[in-house]
Amino acid sequence: MKKPAEIVIPETLRYAKDHEWMSLIAPFRVGVSDFAQDQLGDITYVELPEPGAAFAAGQEFGSLESIKSVSPLYLPADGKVAAINERLRDDPGLVNQDPYGAGWLVEIELFRPEQAALLMDAAAYRRHIGTEA
Amino acid sequence: MPDASTLRRTALYARHAALGANLAAFAGWEMPLWYRAGAVREHLAVIQSAGLFDTSHMDVFFASGPGAKPLLDYAFTRDLSRIRPGRALYGAFLDRDGHTVDDAILYPLGPDRFAVVVNAGMGPVVTAHLKGLPDAGGVDLREPDRRLGKLDLQGPASPAILWEAVDGADRLFADMPYFSFAGDFDLEAGGIRLRNGTPILLSRTGYTGEIGFEIFLPLDRMDETWDSLSRFGAESGLLPCGLAARDSLRTGALLPLSHQDIGPWPYVNHPWLFALPLKKDGSFSFTKDFMGASALHPEGNPHTFPFAGFDQRRVDPRGAKVLLNGEEMGDVLTIVSDMAIGRIDDVIVSLADPNRPEGWAPRGLSCGFVRVKRRLESGTKLVLQDARRKIEVEIVKSIRPNRTATRRLP
């Protein structure tokens, strides 16, 4: 398990309490945080929606299957899935190896871009995981 | 989840933390789930080279005295009239209803002296169960004065690693088949030592389906022995392994987890009938009378079968339905992904198969055990359904091929 100081939390992203991250510039990418992938352990399967599917903020849009469990993924903001990361089909371990880069999950078209302001910044998210650890 | 402050820690806790282990509560102990390499690489290491597990959370107790053998013969599902010195036996302790109290490995140490290795926290439960049986009066049942440590070295490279570590390997290995052991639980008296002087009991057993050893040793020698086995194994790719890899390895090897795959229902109609004292005439009758025997009817009791899926996807076993053509059949006892296997033209192939196609890499298959209301033929397709998804699986006779557990020592 990573020590709190080893958990990477990029300043440029915003975070939901369920450990998804979202980028603030288009394409609005969504993934899971370094903390989440470390807790879940090796990801063995990523279930993602079809492009075009729309979800409300907080709604389940897919799941991450790790060696330990099957965990739901929640969209951080209202939006429509514009693209999914096809590489995860063959290489789900990218979520572990590079959670903010090659391990991204979906790109979304935001219905209400102002919702991004409701998400946590890096400092707030670090405090949030401090309360969960 | 129990409060972390009440969890017990093994002698290697500091090693686990230093190795970056992801720790979790298991049966009252704070145990490694996986280390930095992750559970998938740990699982594959045991298939392809070797893995080292801290299994000191397991319990040991002793039964001794003139009444010990008759008591165990009545309480344990194996026929002790067939005991051979130096050979351990896997079996189960059942209650009056034929339900499983726990599974165990029994080590005969002398005509009136036995050691029994049971699951974590189960020593007091099983000894209390035994003390309640008729004729337990004259039998001395006790846990060790000082707890023992236990390390499992598993995988095809483990004989070569142990060869370096143990004193007199050539003599020992010459006659050490599957389920044999050398030494004594009175470790000093047993006369088997590692080259670093550590007295051990060496058992050719394990819980992974791969060739390997369980090593019992004094707690104060755990750190040094863990380090030296890690050093001897470094070149062959040995990895420290946690409980997650142990669970996926044992499932692929068709081994049950006590209190999950066997438990409070009759110990019958399952893949582990070798652990019952069945007569070889096909009559489903027993070679001895034993506790729980009268409840073990093949008719009227649920059936446990191994299954394998067609890809690595799983369902959440809690509350998952098992469906046969839409009919609810029972429940999922265990479901894991064995990441060393995949299917080629529907046939399960292991990464350990020497004839696997060049460049082929398995993506893993879901597998486990279902408990259903009637007998099913192997090849029967079932649907497992949880709140999120449905997956198709089939009843199988075996899960991971090319296992090495029973292989002769080189």
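Note that this is a predicted model, so its numbers are computed, not measured. (Residues numbered from 1 in each chain as written. Chains lettered and ligands numbered in written order. Predicted model: local features only at pLDDT ≥ 70, side-chain atom pairs only at ≥ 80, totals over all residues. Heavy atoms only, no water.)

Student: Explanation requested: the overall build of chain A in the structure shown.
Tutor: Of regular secondary structure, chain A possesses 4 helices and 9 strands. Start at the N end of chain A and walk to the C end: the helices and strands fall as β-β-β-α-β-β-β-β-β-α-α-β-α. Since a compact globule built from 133 residues should have a radius of gyration of about 14 Å, the 14 Å found for chain A is in line with a globular shape. Based on the C-alpha atoms only, the size of chain A along its principal axes is roughly 35 × 35 × 20 Å. Residues classed as buried in chain A amount to 52% of the 133 residues present. Taking contacts inside chain A between residues at least 6 apart in sequence as the whole, the part at least 24 apart equals 63%. Accessible surface computed for chain A: about 6,100 Å², of which carbon and sulfur atoms make up 54%. Side chains of chain A carry 12 positive and 21 negative charges; the gap between the two charge centres is 5 Å. (Helix = DSSP H or I, 4+ residues; strand = E, 2+ residues; numbered from the N terminus. Rg over C-alpha atoms; globule rule 2.2 N^0.38 Å. Buried < 20%, exposed > 50% of the residue type's maximum accessible area, 1.4 Å probe, protein only. Contact = heavy atoms within 4.5 Å. Areas by Shrake-Rupley, 256 points an atom, 1.4 Å probe, with all protein chains shown as cover. Lys, Arg positive; Asp, Glu negative; His and termini not counted. Charge placed at Lys NZ, Arg CZ, Asp CG, Glu CD.)

Student: Any chance you could explain the packing of aromatic side chains here in plain terms?
Tutor: Each aromatic ring pair is characterised by the separation of its centres together with the angle its planes make. Residues and elements named next belong to chain B. Tallied over the full model, the rule gives 17 aromatic pairs over all chains. An angle of 80 degrees between the planes, with centres 6.2 Å apart, marks the rings of Y107 and F216 as edge-to-face. Of the two residues, Y107 is situated in strand β6 (residues 100–110) and F216 in strand β12 (residues 212–218); the sequence distance between them amounts to 109 residues. Taking the centre distance of 5.6 Å and the plane angle of 65 degrees together, the rings of F284 and F286 count as edge-to-face. The class of F286 is buried, set by a relative accessible area of 16%. Each residue in the set F62, Y107, F181, F185 and F216 is aromatic and connected to the rest through ring pairs, giving one cluster. One cation-aromatic arrangement involves R9 over Y13; the distance from NZ or CZ to the ring centre is 3.8 Å. Here the basic side chain of R343 rests over the ring of F310, its NZ or CZ set 4.0 Å away from the ring centre. (Phe/Tyr/Trp six-rings, centres within 6.5 Å; stacked < 30°, edge-to-face > 60°. Lys NZ or Arg CZ within 6 Å of the ring centre and 35° of its normal.)

Student: Looking at this structure, I do not really get the sheet that holds strand β5 (residues 89–94) of chain B. What am I missing?
Tutor: By way of backbone hydrogen bonds, the strands of a sheet pair with one another, either parallel or antiparallel. Residues and elements named next belong to chain B. Here 5 strands make up an open sheet; going across it, the order is β5-β6-β7-β4-β8 and the pairing antiparallel. Bordering the open sheet on either side are β5 and β8 (140–142), each of which pairs with just one other strand. Neighbour-to-neighbour, the strand axes of the sheet open up by a mean angle of 30 degrees, direction not taken into account. Both β6 and strand β7 (residues 113–118) contribute to a ladder of 5 bridges, which runs antiparallel. (Pairing = 2+ DSSP bridges. Axes fitted to C-alpha atoms, helices over the stretch in contact; angles between N-to-C directions.)

Student: Sorry, what's going on with the environment of A165(B) here?
Tutor: All names here are of chain B. If you trace the backbone, A165 turns up in helix α5 (residues 158–165). We classify A165 as buried; its relative accessible area is 4%. Filtering out sequence-adjacent residues up to four positions away, A165 remains in contact with L194, R195, L229 and F232.

Student: Teacher, can you tell me more about the interface of chain A and chain B here?
Tutor: Many analyses report the size of an interface as the accessible area lost when the parts associate. The interface is formed by 20 residues belonging to chain A together with 20 residues belonging to chain B. Here chain A meets chain B over a buried area of about 1,700 Å², counting both sides, of which 45% is carbon and sulfur. Remark: the boundary between chain A and chain B carries 5 salt bridges. In this structure, E65(A) engages R314(B) in a salt bridge whose closest nitrogen and oxygen atoms are separated by 3.8 Å. Applying the counting rule to chain A against chain B returns 13 residue pairs in polar contact (both at pLDDT 80 or more). Mapped by element, the contributors of at least two residues to the side of chain A that touches chain B are α1 (34–40), β4 (43–47), β6 (60–66), β7 (70–74) and α2 (87–90) of chain A. (Buried area = accessible area lost by both parts, 1.4 Å probe. Salt bridge = Lys/Arg side-chain N within 4 Å of Asp/Glu carboxyl O. Polar contact = N/O pair within 3.5 Å; in protein donor to acceptor, adjacent residues only side chain to side chain.)

Student: In this structure, what is going on with unusual backbone geometry? I would like to understand it.
Tutor: Backbone geometry follows two general trends: most residues other than glycine have a negative phi, and most peptide bonds adopt the trans configuration. Going from A26(A) to P27(A), the amide bond is cis rather than trans, its omega being 0 degrees. Among the secondary structure elements, P27(A) is positioned in the loop between β2 (20–23) and β3 (28–32). In this structure, D346(B) takes a positive phi of about 75 degrees despite not being glycine. By secondary structure assignment, the location of D346(B) is in the loop between β17 (341–344) and β18 (347–350).

Student: So what exactly am I meant to see when it comes to the side chain of D103(B) here?
Tutor: Residues and elements named next belong to chain B. Mapped onto the fold, D103 is located in strand β6. Buried charged residue D103 carries no salt bridge. Nearest counter-charge: R250, at 8.6 Å. A polar contact is formed between the side chain of D103 and the side chain of N119, at a distance of 2.7 Å. The residues contacting D103, other than those within four sequence positions of it, are Y90, G91, A92, V117, V118, N119, P256, S258 and I262.

Student: Just checking my understanding: could you explain the domain arrangement of chain B for this structure?
Tutor: Residues and elements named next belong to chain B. Here chain B is partitioned into domain 1 (4–56 + 147–250), domain 2 (57–139 + 266–299) and domain 3 (302–410). Each partner contributes residues to the interface: domain 1 has 23 residues there, and domain 2 has 18 residues. Note on domain 1 versus domain 2: buried area summed over both sides is about 1,600 Å², and carbon and sulfur give 64% of it. Per-residue buried area on domain 1 facing domain 2 is highest for F179, F181 and F185; these three make up 40% of the total on that side. At the surface where domain 1 touches domain 2, the tally comes to 2 salt bridges. Where D184 meets R113, a salt bridge forms, and the shortest distance between an N and an O atom there is 2.5 Å. Applying the counting criterion to the domain 1 and domain 2 interface returns 10 residue pairs in polar contact (both at pLDDT 80 or more). When residues of the side of domain 1 that touches domain 2 are traced back to their parent elements, those giving at least two are β2 (29–34), β11 (201–203), β12 and α9 (243–252). Taken together, the residues of the side of domain 1 that touches domain 2 break down into 11 nonpolar, 6 polar and 6 charged. (Domains from an automatic or database assignment. Nonpolar A, V, L, I, M, F, W, Y, C, P; charged D, E, K, R; others polar.)

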